[in-house]
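# Survey of secondary and tertiary structure
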Amino acid sequence: MSETTPESASLTDRPVDEPAADPVLIVQPYDVHLQAAIGLGVPVVALYHRDRRHTTIGRRLTEIIPSIDVDLDDTAAVEAALVTARDRHGVRRVAQFSDEHRMEGIAEAAEAAGLVTEPPQAYRNLNNKAAFLEVGSRAAVVHRSWCSAEQRDGRERVERTGAPWVLKPVADSGSRGIRYAEDWSRLEPHLSGDGWVLEQYLSGTEYSVETLTVAGVHHTFGITEKSTTGSPRFIERAHRFPAVLDESVEAAILATVHRFLDAAGYRNGPAHTEVLVHADGIDCIESQARMGGDRIPTLIARATGVSPEVELIRSLTPDWTPPERTPRSRAGIRFVELPYGTLRSTIGLSPDTDGLEIHAIAKPGDTLELATSSNRRHVGVIAEDADPSSRPLRAVVMAHDRPAPTLVLFGGTDEQVAQCLALGHEIVLVQAHDQLTEYQSTHCSGYVICDLGSGSNVDWAATQLAEFADLPFVSVRQYGVLFRALVCERLGLDPLAATGCSIVASDKGQLRRRVDQLGLPRPDWTPVSSDEDVRRFCMDHDGRAVLKIARGTGGVGVHTVTTDRAVSLRALRSRVDDVLPQGVSTGGFLVEEQLEGRLFSLESVWVRGVHVPLGVTTTEVSSTSSAELRHTFPGSSRRDTCDRPWNRRGDCSAPSGCTRVEHMWSSSSPTAYRWSSTLMIDRREGTFPNSSRTRSG
């Protein structure tokens, strides 16, 4: 046993007018408990299991608050530590807020030392599932069939009901060791030893009730709605607080929980009690003498402004009164899985994300596998929202047992990933978490997970991808095109010459300068920085022109302007900033000549300098915004006409890759005015997908 007694803490760290009340010994306190004790002036002593003060703030707090380290599984050592706390620090009471499987034994040791504690049997009634079921059945809050290892009629009960059953360990939590089975033959192999219970499976909606009991009165923080993975393990995957319930259902849930706590003899402390609302009524599922896990106290604090963890400390004072329970919003946490493999980075969020918080369970270097219990999940996303989005997550995972990557793919679909694999590539996939499919999660060599719609992720992604800079960087869909170009800029890769990678020319101004260098036909254009620049260009071009932002796709920031109908650059910039990914610059504005005619696009592939046209698409565009409204394939333009803009394409020194050029048929010749390289690269000598196959649509 080791002990820390702060003899010279600074005056600024000590509460003003510290009360003379006897200090309370808190077993396994969290940092928030000690912070609250200091802030509220509540004298406490901390008892830790083998120096569990993992965090820097935890070690700092115990420079201010006396602490004792001991093996909490050694009964004699615990008894000695409690005597020390009593005789040296004046402790008269023991409070336990965590580690429910040790609570009963510590309470017995506290009683032996003459300290005030919650009765050991009360802790047992809440934390031991067999005792819980027995007390709950007597109190008529557990209605389902059940049996413990001590009862030898389990087979008879299971076969009599003919319903599915659930096997649980009596002294564990977090869905560890839970098994679901529909018949006895599948349960029996797991019924070794005495530490288990069997319960009839019920279907319904699950809720948890967070309470704080003081002097036998149960105060409720609220009710949380839960969802699980379902059979066979029923791992919790989301919580929403407060639950949306009819008043009658809410009252019935609270009455059920309070009746159980009364029957359990619970007088002081937190409780997390789970109930199931089903077709035949309400059943208590289980309870623990602690606050709910999975950051439920954080949800309560976000939704109500009241911190349950702080209230635990306040309740140790003699004049405590319960805070008002006035929910002001809803909050939620959703647990998500990352691809399986080795976690290479800290799990984080996009910097421009507001109102979100993560609960990262996995740490860098961890092996990510299928979650078999709550503590094996990967990460939770918290928000003042009932169902937080996982899109802002950032992480890097490298898969096990996959060959070294040969290509970096930005934002692909399942079909496109499969095409790359069929061409012999191994992929590092750059993808937003909510776009990541089950197929993608099991078929790539690595994953850089981030929101490709957020410019604030560009620098982070570039840092993560630097080790792959000698591989082709490819985007096979519009989603991810701009992000890829920005990443390549950060890595010093030429976005047009594509030395070391193939990327899109997503900056329209830069692209047009290269077109001018090649002497290809194109509309007249110029960069503009003021409304007067736009007006002057319109006057020089029959009073009409097309205004565009340099960076943007899908018609974003594109407007037809005339001398009579001007568009304010300042207003347009404001509207575009609301649409563009946050952190992505417009790249400035340009205005170009508006031509009359039919618009086509040529989809083609370059294979080691050889141009292979795949087909022509006819495109219908809006007369006001130039946004693309409809595509028809195959289009009606002659292919030799489509080929004409590509006569000098090789001068760009681009590697093999798929490309797209849009052109307009006018009275003279087609005019190329936008290029992009958007598909995959086949690095194997002498192979190329069959370009003669036809596709409908």
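I will try to describe carefully the structure that is included in this document. All figures in this text were calculated on a predicted structure; none of them were measured in a lab. (Residues numbered from 1 in each chain as written. Predicted model: local features only at pLDDT ≥ 70, side-chain atom pairs only at ≥ 80, totals over all residues. Heavy atoms only, no water.)

Bringing the overall build of the chain into the picture now. Assigned secondary structure in the chain consists of 19 helices and 34 strands. Buried positions account for 53% of the 697 residues belonging to the chain. When the accessible surface of the chain is split by element, carbon and sulfur atoms take 47% of a total near 30,600 Å². (Helix = DSSP H or I, 4+ residues; strand = E, 2+ residues; numbered from the N terminus. Buried < 20%, exposed > 50% of the residue type's maximum accessible area, 1.4 Å probe, protein only. Areas by Shrake-Rupley, 256 points an atom, 1.4 Å probe, with all protein chains shown as cover.)

Core analysis: the largest hydrophobic core is formed by 33 residues, its most contacted members being Leu34, Val44, Ile313 and Leu316. Looking at this core, the elements with two or more residues in it are strand 2 (24-27), helix 1 (31-40), strand 3 (44-49), strand 10 (205-214), helix 10 (296-304), helix 11 (308-314) and strand 15 (331-336). Contact partners of Ile313, with chain neighbours within four places excluded, come to Ile26, His33, Ala36, Ala37, Leu40, Val42 and Phe97. Of all hydrophobic cores here, the second largest spans 32 residues; its members include Leu126, Val170, Ala243 and Val275. (Core = buried A, V, L, I, M, F, W, Y, C linked by side-chain atoms within 4.5 Å. Contact = heavy atoms within 4.5 Å.)

This next bit is on helix 4 (residues 100-112). Residues lying three or four places apart along an α-helix face the same way, a consequence of the helix completing one turn every 3.6 residues. With 13 residues, helix 4 extends 19 Å from end C-alpha to end C-alpha; this agrees with the ideal 18 Å at 1.5 Å per step. Within helix 4, burial applies to Glu100, Arg102, Met103, Ile106, Ala107, Ala109 and Ala110. Where the residues of helix 4 are buried, they touch strand 2, strand 3, helix 3 (75-89), strand 5 (93-96), helix 5 (120-127) and strand 14 (281-288). Note on helix 4: the residue one or two positions beyond its end, Gly114, has a positive phi of about 75°. (Expected span 1.5 Å × (residues − 1).)

Turning next to the pattern of salt bridges. If the charged atoms of two oppositely charged side chains come close together, the side chains can form a pair. If you walk through the whole model with that rule in mind, you get 20 salt bridges. Of the charged contacts in the structure, one is a salt bridge between Arg314 and Glu311, with a shortest N-O distance of 2.4 Å. Taken together, the residues Arg314 and Glu311, both in helix 11 and 3 residues apart, mark about one turn of the helix. Of the residues examined, Arg314 reaches a relative accessible area of 24% and is grouped as partly exposed. For Glu311, a relative accessible area of 7% gives the class buried. For Glu532, the salt bridge identified is with Arg535, shortest N-O distance 2.7 Å. You can see Glu532 and its partner Arg535 sitting in helix 17 (residues 531-540), 3 residues apart, about one turn around the helix. A residue is classified by how much of its surface remains accessible, and Glu532, at 33% relative accessible area, is partly exposed. Each of the salt bridges in this network shares a partner with another, and the network as a whole consists of Glu532, Asp533, Arg535 and Arg536. (Salt bridge = Lys/Arg side-chain N within 4 Å of Asp/Glu carboxyl O.)

What follows concerns the packing of aromatic side chains. Following the criterion strictly, the structure yields 3 aromatic pairs and no others. A ring pair is formed by Phe410 and Phe473, whose centres lie 5.8 Å apart and whose planes are at 45°; its orientation type is tilted. You can see Phe410 sitting in strand 22 (residues 407-410) and its partner Phe473 sitting in strand 25 (residues 473-475), a full 63 residues away along the chain. Taking relative accessible area as the criterion, Phe410 reaches 0% and is therefore assigned buried. On the accessibility criterion, Phe473 (0% relative accessible area) is buried. (Phe/Tyr/Trp six-rings, centres within 6.5 Å; stacked < 30°, edge-to-face > 60°.)

Below, the discussion takes up the side chain of Glu286. If you trace the backbone, Glu286 turns up in strand 14. In this structure Glu286 comes out as buried when scored by relative accessible area, which is 10%. A polar atom in the side chain of Glu286 sits 3.3 Å from the side chain of Gln288. Excluding its chain neighbours within four sequence positions, the residues that come into contact with Glu286 are Lys129, Phe132, Lys168, His272, Thr273 and Glu274. (Polar contact = N/O pair within 3.5 Å; in protein donor to acceptor, adjacent residues only side chain to side chain.)

Omega for the peptide link from Phe241 to Pro242 comes to -10°, which places this bond in the cis form. Its location among the elements puts Pro242 in the loop between strand 12 (236-241) and helix 9 (247-264). Within the chain, Ala215 stands out as a residue other than glycine whose phi angle is a positive 55°. For Ala215, a relative accessible area of 49% translates into the label partly exposed. With a phi close to 60°, Asp542 is a non-glycine residue in the positive phi region. Relative to the helices and strands, Asp542 is located in the loop between helix 17 and strand 27 (544-549). Residue Asp542 is classed as exposed on the basis of its relative accessible area, which comes to 78%.

Turning our attention to the environment of Ser475. Structurally, Ser475 is set in strand 25. Residue class for Ser475 comes out buried when judged on its relative accessible area of 0%. Measuring from C-alpha to C-alpha, the distance between Ser475 and Ala485 comes to 9.4 Å, with 10 residues separating the pair along the chain.

Next up on the list: the pairing of strand 2. Of the two faces of strand 2, the one lined by Val24 and Ile26 and the one lined by Leu25 and Val27 are each fully buried. Looking at chain direction, strand 2 and strand 3 are connected through 4 bridges and run parallel. The residue of strand 3 that forms the bridge with Ile26 is Ala46. Crossover connection from strand 2 via helix 1 to parallel strand 3: handedness right-handed. Two elements, strand 2 and strand 5, share 4 bridges in a ladder whose sense is parallel. Within strand 5, the residue paired with Leu25 across the bridge is Val94. (Pairing = 2+ DSSP bridges. Right-handed = clockwise from strand over helix to strand, strands pointing away.)

In this section: helix 3. Over its 15 residues, helix 3 extends 20 Å from the first C-alpha to the last, a length consistent with the 21 Å expected when each residue adds 1.5 Å. Among all positions of helix 3, only Ala77, Val78, Ala81, Leu82, Thr84, Ala85 and His89 are buried. Here the buried residues of helix 3 occupy an arc of 155° about the axis, which is enough to place them on one side. Away from the buried face of helix 3 by more than 90 degrees, exposed residues Thr75, Ala76 and Asp87 are located. Here helix 3 starts with a cap whose side-chain oxygen sits 3.2 Å from the backbone nitrogen of Ala76, and that cap is Asp74. (Arc of directions from axis to C-beta.)

A word on the packing of helix 4 against helix 5. Axis separation between helix 4 and helix 5 bottoms out at 8 Å; the angle between their running directions is 175°. When the axis of helix 4 is compared with that of helix 5, the two are roughly antiparallel. Where helix 4 abuts helix 5, its residues Glu100, Met103, Glu104, Ala107, Glu108 and Glu111 lie against Pro120, Tyr123, Arg124 and Asn127. Residue composition of the contact of helix 4 with helix 5, grouped by class: 4 nonpolar, 1 polar and 5 charged. (Axes fitted to C-alpha atoms, helices over the stretch in contact; angles between N-to-C directions. Parallel < 35°, antiparallel > 145°, perpendicular 65-115°, else oblique. Nonpolar A, V, L, I, M, F, W, Y, C, P; charged D, E, K, R; others polar.)

As a further point, take the sheet that holds strand 12. Taken in spatial order, the 8 strands of this open sheet run 14-13-10-11-12-15-20-18, and their pairing is antiparallel. Edge positions in the open sheet fall to strand 14 and strand 18 (356-360), since each of these has one partner strand only. Sheet twist, expressed as the mean angle between neighbouring strand axes with direction ignored, is 25°. The pairing of strand 11 (residues 217-228) with strand 12 spans 4 bridges and is antiparallel. Bridge pairing in strand 12 places Lys226 opposite His239.

Spatial ordering of the open sheet is given by 26-29-27-28, a layout of 4 strands whose pairing is antiparallel. Only two strands of the sheet have a single neighbouring strand rather than two, namely strand 26 (525-528) and strand 28 (559-562). The mean angle between the axes of side-by-side strands here comes to 30°, regardless of whether they run parallel or antiparallel. The pairing of strand 27 with strand 28 spans 4 bridges and is classified as antiparallel. Its bridge partner lying in strand 28, Arg544 is registered against Thr562. Each of strand 26, strand 27 and strand 29 (589-593) touches helix 16 (residues 508-518); the most contacted strand, strand 26, lies at about 145° to it.

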